[in-house]
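Summary of structural features
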Amino acid sequence: MLVVMQHGAAPAEVDRVVDVITAMGYEARPMPGAQRTAIGIVGNDGRVDGSRLAALPGVAQIIHVTQPYKQVSREWRPESTIVTIAPGVSFGGDEVPVVAGPCSVESERQILESAHAALAAGASALRGGAFKPRSSPYSFQGLGKKGLSHLALARSETGLPIVTEAMDDEGAHLVAEVADCIQIGARNMQNYSLLKTVGRIGKPVLLKRGMAATISDLLLSAEYILSEGNDKVILCERGVRTFDTSARNMFDLTAIPTVQKLSHLPIVADPSHGTGVRERVAPMARAAVAAGADGILVEMHPHPDAALSDGAQSLFPEQLAELVAQLRAVAAAVGRTVRQPHPVVTAGR
Ligand code: PEP
Ligand code: MN
């Protein structure tokens, strides 16, 4: 259960509610937010009688939350949250933005070429990791800070907002200087200290599902970010590990309607990591939009065969353009739109 305080409720009124909850034998978890403070009640097995709390001064509303995650749940906020990462690029509304780009930033030239190809294909944002979580310590680890400055240049040349990954607390602050949206990768979905850090930074976050995470685990991880006062969270289905060796991961399409029922947060699909195989990416992207995904995250490389990471699942630029055109048709069939490319803000080259 949640006790939602009125906007501007006095600290003493919050304390009073906490005291009453404690006296009722439960644990109170105050969650201060930008708009309102809510006090979560934990330690209850069943439904709590909220009538005593509802009558206290400063209390606006009592919400019964049945899920272990609270602020992330639709019970907490029935209307869908729209997360805007840059002017005109929003997730969770009618639009279905396509975020495209290489797995990793490899060089200035490679990311600029990628950005121009993404824009020409109709993507709304550019992806690309400067800090790369690789399964092997001997694999390419990303260009780090230099990669971030290449991404900044790509944005200034194309106007495309940047989605790029942070792997640790220190990196999160560096990434936040450049990124329009901070990606938390599958391997870090349960890095709770990183989740709290990006919660405090306050920029939009793209939170990827861990490769062995349940939907509930994913939503609880998102709760860490919201509990720090940042509700600009976009969830991402990117496939889970299974016993089947025919695919890198099993793309869990059902996660999309499942999450949308349980949570007000937008959820995008990453069919690249979800399949690991180039020829399977477009079918799964089309299926994801048909299933109601709030966006698509897709890997595209100007020269996939020379990619330093994930080349086998990266689309060629012309395949991305064809896919975006198809996604436009699928989106229209389900009452959504894939936006047209916006004009280049500055042409540097
Ligand atoms: C990526 O987006 O390139 C990536 C590393 O994805 P994931 O964290 O889903 O493996
Ligand atoms: Mn990748």
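The notes below deal with the structure included here. (Residues numbered from 1 in each chain as written. Chains lettered and ligands numbered in written order. Predicted model: local features only at pLDDT ≥ 70, side-chain atom pairs only at ≥ 80, totals over all residues. Heavy atoms only, no water.)

Let's shift gears to the site of ligand 1. Lining the immediate environment of ligand 1, one finds Cys103, Arg127, Lys132, Glu165, Gln183, Gly185, Ala186, Arg187, Lys208, Arg238, His273 and Glu299. Arg238 places a polar side-chain atom, nitrogen or oxygen, 2.6 Å from an oxygen atom of ligand 1. Interatomic distance of 3.2 Å between a side-chain N/O atom of His273 and an oxygen atom of ligand 1. For ligand 1, the accessible surface in isolation is 300 Å², of which the surrounding protein chains cover 98%. When grouped by side-chain class, the residues that make up the shell around ligand 1 number two nonpolar, three polar and seven charged. (Near = heavy atom within 4 Å. Polar contact = N/O pair within 3.5 Å; in protein donor to acceptor, adjacent residues only side chain to side chain. Areas by Shrake-Rupley, 256 points an atom, 1.4 Å probe, with all protein chains shown as cover. Nonpolar A, V, L, I, M, F, W, Y, C, P; charged D, E, K, R; others polar.)

In this section: helix H1 (residues 11-23). Under the 1.5 Å per step criterion, the end-to-end length of H1 is 18 Å for 13 residues, consistent within 8% with the ideal 18 Å. Residues Val14, Val17, Val20 and Ile21 constitute the buried set of H1. Viewed along the axis of H1, the buried residues span an arc of 125°, placing them on a single side of the element. In H1, the exposed positions that point more than 90 degrees away from the buried face belong to Pro11, Ala12, Asp19 and Ala23. Looking at the packing, one finds that the buried side of H1 touches strand E1 (2-5), strand E2 (27-31), strand E3 (38-42), helix H2 (51-54) and strand E4 (59-63). Backbone geometry just after H1 places Gly25 at a positive phi near 95°. (Helix = DSSP H or I, 4+ residues; strand = E, 2+ residues; numbered from the N terminus. Expected span 1.5 Å × (residues − 1). Buried < 20%, exposed > 50% of the residue type's maximum accessible area, 1.4 Å probe, protein only. Arc of directions from axis to C-beta. Contact = heavy atoms within 4.5 Å.)

Under the defined criterion, the tally for this structure stands at one aromatic pair. Where Tyr192 meets Tyr224, the ring centres are 4.4 Å apart and the plane angle is 20°; that geometry is what we call stacked. Placement of Tyr192 in helix H6 (residues 192-201) and of Tyr224 in helix H7 (residues 215-227) is noted, with a sequence separation of 32 residues between them. Classification of Tyr192 by relative accessible area gives partly exposed; the value is 32%. Arg36 extends its terminal NZ or CZ atom over the ring of Trp76, reaching a point 4.7 Å from the ring centre. (Phe/Tyr/Trp six-rings, centres within 6.5 Å; stacked < 30°, edge-to-face > 60°. Lys NZ or Arg CZ within 6 Å of the ring centre and 35° of its normal.)

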